[in-house]
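Chain by chain, the residues:
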Amino acid sequence: MTIITIHEFSTGIAVQGTPENWWSTRFTGYMNLTLAKVPAVLQNAISNRLFQVAEGSVREAVETARAAGETTVQPAIIVREVKEGNHACSAIAVITPAKDEKGRTISVYRYFLTAGLGNLTHLLYWYFKKAKRPVFDPFDIKNEGDYYEFHTHNNNGAGDPLSKQEFKDLLASSEEIITIPYNLQCAPRIIHELASRRKKNNELIAWAYKVEGLSKPWYFKAIYPASKRAEESIKKQIKQRESIPPFFEKKTSEKIATREAIKNLSNIQKKIKLLANQGMVSSDFLHDIEKALVSDIYTDQVWKEDIFEILGIQSIKDDSDSSQNRSSVRLFELYGLIIYQEFPEFLNSLKLDKISKNDDLDQEHYYIASELSRNIQEQINQSPDSFLRLELKAFQGMDYIISNLVLEEGVKGIKFTQETRKNLLKNWLTIDNDGLWQTVYQKYYRQLWKDIIQIAKNYITAKNVLIKAYAQTQSANQLSSEINIKKILEQEIPQSGSSNNRQQTMSVFQGVISSHSTHTNTNNNSHPKDSYELRYAYNNLQVLGQDNWKSITEVMVKLIWYGRYPKNPKYSYLAEFFGDRTNYYLSALFHTMDTGEVPNSIWKKCGFPAKYEIRLKFIDIPDSPIIELSRRLELWKITIRFIIKLLIKSYQFLFEPYPYTPKVLLNRYLIIFVLTIILIDGFKFSPIRIGKDAFTNSKDWVIETLSPEKLDRK
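From a predicted model like this one, the values you see are computed outputs, not experimental measurements. (Residues numbered from 1 in each chain as written. Predicted model: local features only at pLDDT ≥ 70, side-chain atom pairs only at ≥ 80, totals over all residues. Heavy atoms only, no water.)

A.B. asks: Which residues make up the overall build of the protein, and what values do they have?
C.D. replies: Assigned secondary structure in the protein consists of 26 helices and 13 strands. Carbon together with sulfur atoms contributes 52% to the accessible area of the protein, which is approximately 37,900 Å² in total. (Helix = DSSP H or I, 4+ residues; strand = E, 2+ residues; numbered from the N terminus. Areas by Shrake-Rupley, 256 points an atom, 1.4 Å probe, with all protein chains shown as cover.)

A.B. asks: Tell me about the pattern of salt bridges, and name the residues and values.
C.D. replies: Enumeration over the complete set of coordinates arrives at 22 salt bridges. For arginine 49, the salt bridge goes to glutamate 309, with nearest N and O atoms at 2.7 Å. Residue arginine 49 is found in the loop between helix H1 (40-47) and helix H2 (57-67), and its partner glutamate 309 is found in the loop between helix H9 (300-308) and helix H10 (313-318); the two are separated by 260 residues along the sequence. Residue classification places glutamate 309 among the buried positions, given a relative accessible area of 6%. Across the pair glutamate 533 and lysine 558 runs a salt bridge whose closest N-O atoms are separated by 3.2 Å. Of this pair, glutamate 533 sits in helix H18 (residues 532-536) while lysine 558 sits in helix H19 (residues 550-562), placing them 25 residues apart in sequence. The same class applies to glutamate 533 as to lysine 558, namely buried. Taken together, the shared-partner salt bridges connect Glu8, Arg110, Asp140 and Lys142 into one network. (Salt bridge = Lys/Arg side-chain N within 4 Å of Asp/Glu carboxyl O. Buried < 20%, exposed > 50% of the residue type's maximum accessible area, 1.4 Å probe, protein only.)

A.B. asks: Can you break down the nonpolar core residue by residue, with the values?
C.D. replies: Counting 113 residues, the largest nonpolar core has Trp303 and Trp561 as its most contacted members. Top contributing element to this core by residue count: helix H16 (residues 436-471), with 15 residues. Dropping the residues within four chain positions of it, tryptophan 561 is found in contact with Ile455, Asn458, Tyr459, Ala462, Lys486, Leu489, Tyr532, Glu533, Tyr536, Ala537 and Pro625. In this structure, Ile4, Val79, Ile92 and Leu170 belong to the second largest nonpolar core, which totals 31 residues. (Core = buried A, V, L, I, M, F, W, Y, C linked by side-chain atoms within 4.5 Å. Contact = heavy atoms within 4.5 Å.)

A.B. asks: Any chance you could break down the side chain of aspartate 100 for me, citing the residues and the numbers?
C.D. replies: Looking at where aspartate 100 falls in the secondary structure, it is placed in the loop between strand E4 (87-99) and strand E5 (105-115). Aspartate 100 gets classed as buried once you look at its relative accessible area, which sits at 10%. Within polar-contact distance, the side chain of aspartate 100 engages the backbone nitrogen of lysine 102 at 3.0 Å. Apart from the residues lying within four places of it in its own chain, the contact partners of aspartate 100 are Trp23, Ser24 and Ile106. (Polar contact = N/O pair within 3.5 Å; in protein donor to acceptor, adjacent residues only side chain to side chain.)

A.B. asks: Before we move on, can you summarise unusual backbone geometry with the specific residues and values?
C.D. replies: Peptide bonds are mostly trans, and most non-glycine residues show a negative phi. Its identity is not glycine, yet asparagine 202 carries a phi of approximately 70°, on the positive side. The class for asparagine 202 is exposed, based on a relative accessible area of 80%. For lysine 210, which is not a glycine, the phi torsion comes out positive at approximately 55°. Looking at where lysine 210 falls in the secondary structure, it is placed in strand E8 (residues 206-211).

A.B. asks: Which residues make up the side chain of threonine 105, and what are the values?
C.D. replies: Mapped onto the elements, threonine 105 comes out in strand E5. Only 3.3 Å separates the side chain of threonine 105 from the side chain of lysine 99, close enough to count as a polar contact. Those residues in contact with threonine 105 that lie beyond four places of it in its chain are Val58, Arg59, Val62, Pro97, Ala98 and Lys99.

A.B. asks: Can you explain the packing of H19 against helix H21 (residues 584-595)? Please cite residues and give values.
C.D. replies: Where H19 contacts H21, the two axes come as close as 11 Å, and the packing angle between them is 90°. By the angle between their directions, the pair H19 and H21 is classed as roughly perpendicular. Contacts from Ile552, Val555, Met556 and Leu559 in H19 reach Leu589, Phe590, Thr592 and Met593 in H21. Residues belonging to the contact of H19 with H21 are distributed by class as follows: 7 nonpolar, 1 polar and no charged. (Axes fitted to C-alpha atoms, helices over the stretch in contact; angles between N-to-C directions. Parallel < 35°, antiparallel > 145°, perpendicular 65-115°, else oblique. Nonpolar A, V, L, I, M, F, W, Y, C, P; charged D, E, K, R; others polar.)

A.B. asks: Give me the packing of helix H13 (residues 364-382) against H16: which residues, what numbers.
C.D. replies: Where H13 contacts H16, the axes come no closer than 7 Å and their chain directions differ by 60°. The angle between H13 and H16 falls in the class oblique. Within the contact between the two elements, H13 uses Ser373, Ile376, Gln377 and Ile380 and H16 uses Leu436, Trp437 and Thr439. Within the contact of H13 with H16, the residues separate by chemical class into 4 nonpolar, 3 polar and no charged.

A.B. asks: Outline a positive patch on the surface, listing residues and values.
C.D. replies: Together, Lys129, Lys130, Lys132, Arg133 and Arg189 give the surface a local cluster of positive charge. Inspection of the secondary structure assignment puts lysine 130 in helix H3 (residues 120-130). (Patch = residues over 30% accessible without salt bridge, like charges linked within 9 Å, V, L, I, M, F, W, Y side chains within 5 Å. Lys, Arg positive; Asp, Glu negative; His and termini not counted. Charge placed at Lys NZ, Arg CZ, Asp CG, Glu CD.)

A.B. asks: How would you sum up the packing of aromatic side chains? Please name residues and give values.
C.D. replies: With the rule as written, the count across this model stands at 34 aromatic pairs. Judged by centre distance (5.7 Å) and plane angle (40°), the ring pair of tyrosine 209 and tyrosine 224 falls under tilted. With tyrosine 209 in strand E8 and tyrosine 224 in strand E9 (residues 222-225), the pair connects residues that are 15 residues apart, well separated along the chain. Judged by relative accessible area, which is 9%, tyrosine 209 ranks as buried. Through a chain of ring-to-ring contacts, the aromatic side chains of Tyr298, Trp303, Phe308, Phe332, Tyr335, Phe343, Phe346, Trp428 and Trp437 assemble into a single cluster. (Phe/Tyr/Trp six-rings, centres within 6.5 Å; stacked < 30°, edge-to-face > 60°.)

Set out below in structure tokens:
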């Protein structure tokens, strides 16, 4: 007989409500720990998603139960052994659904563990027989030292769990991972036995019970899906993983490169962890990161799953107070840099949208984040062209936020409102003085302006080609006006050459080609599949040539080439962002695309002439299109402008020479007569006043003459 000690801990949440009706307002790390700290070996396994159900699977379990008319959802259970070096433990994760403050379904976990390998049988017996299957309960308070003790001789299971033929067939199957049919009745003890017998020497036991989905199903020995949909999904995941060509099938040169990459993987993990803990940035570290970013082997998936998740990024993302921890801030910052789609998440973890005054910028976690960015930039400054991929990642992170400011939350998986995203980046660039992102932003907005200039240059090129093509034809007179030229550029198919509807876009960082091509064919039915516009307007664009700028660029071409565009309020966030960043010309352009007018404050900051209306040569290139900008005026200025216009029009009609037709003369003298009557109405000799006085006097005389008093006297 031996005694094992069983500890537990749960997903940390800020709970509201009562034990019968509660909900979570945020995640807080872990709660109800019976030990001082979660063992590192187990924490690493959790961070690497070895105990994690697939995202959304708990919600699917709720929907499945509701469809079956059930009021409760059976918990999903994940059981496995974990080991790192001389440290090992056996653990159970019990996963159940809960609600957040908005009524959305979330996954909550309750973990039970005991030290060492080979104890899963005892742990399972205790959980199912003695502890009566406890699940997540934030009101079941546990403190350090509140562990359980279990006498292993109490484990008195009898008989062969795999006595049925169905289970014998599963055990004998050639499948690497046993996926038990969802409609085959199967108890946890049977799954445990299948996984235990299937594992090879020195392998660890791992199985899952009643799961709708798993984050990494290929790291299990046996899986019991909760539904038909779950079974099909899990099998598909495993099959897709197995379809990846095995390592030994690669060419010799690829094998060498892969071995080298795998060897460096551990080195990168250690260096990132060291940097997160200490904050010291070395040139060697950045060179290692740059080399990995250049390699095709280090995909986003590898960075996520094999580096950052092992380092615990998931628990940091789940912890709303992660910004209070120095190492967590640095790790999240590196994660948001390398996986640029996660950059908004990093900024949100800093709570940057909550800043209301300059004093708020002095908080410690802002200093920690900006210090790391500044240290990285200092190393880059010492070797300017050596870290182009790293700079490109920072570039892409900002571009991901800026280009998507026209999209609402939820579109294409975008998180946070447009206002929040705008404030997150604006405040981060304010904090990141002399840092990586601030330095790269200077290149970013300059390149964006160069692209706008390039659209105007492309117009000149297309116009010259058109004029040359028409010069020797009888249709040359069609180019007598700029209006006709623009009409032909938009609608006519060039006579020679090939369409340039697809081009490779160069990054602003010399020598680095972006990972996607640019599609410039708008597929707009208003003009042919090929035209001067489609062939020339989108050439040599870098920022505006990216796919994520496509819809914005198309509108910008209409504005610059033709002076017309569909006004849309979705551009207001871009206009406000660039205005906040003091990039006033960009702000003026996007305000024009937003409402057709430039606010007076931006107009003044751009240094434009203070006229009531203006046809402004916004892009100062000879022969370039003229962009008409209008200033947004106050009400009193609009009124004055209206009166001035009315007076000018009236003067022109009355006094400027017109063809002397009887109709014109009659209208002119009729208006003069009416205006004369109105103008002299204020004087005593006004005909209207004389008439009114005569009528009033006559009325008074009649009333007085016919009054009863006078009639009685008569």
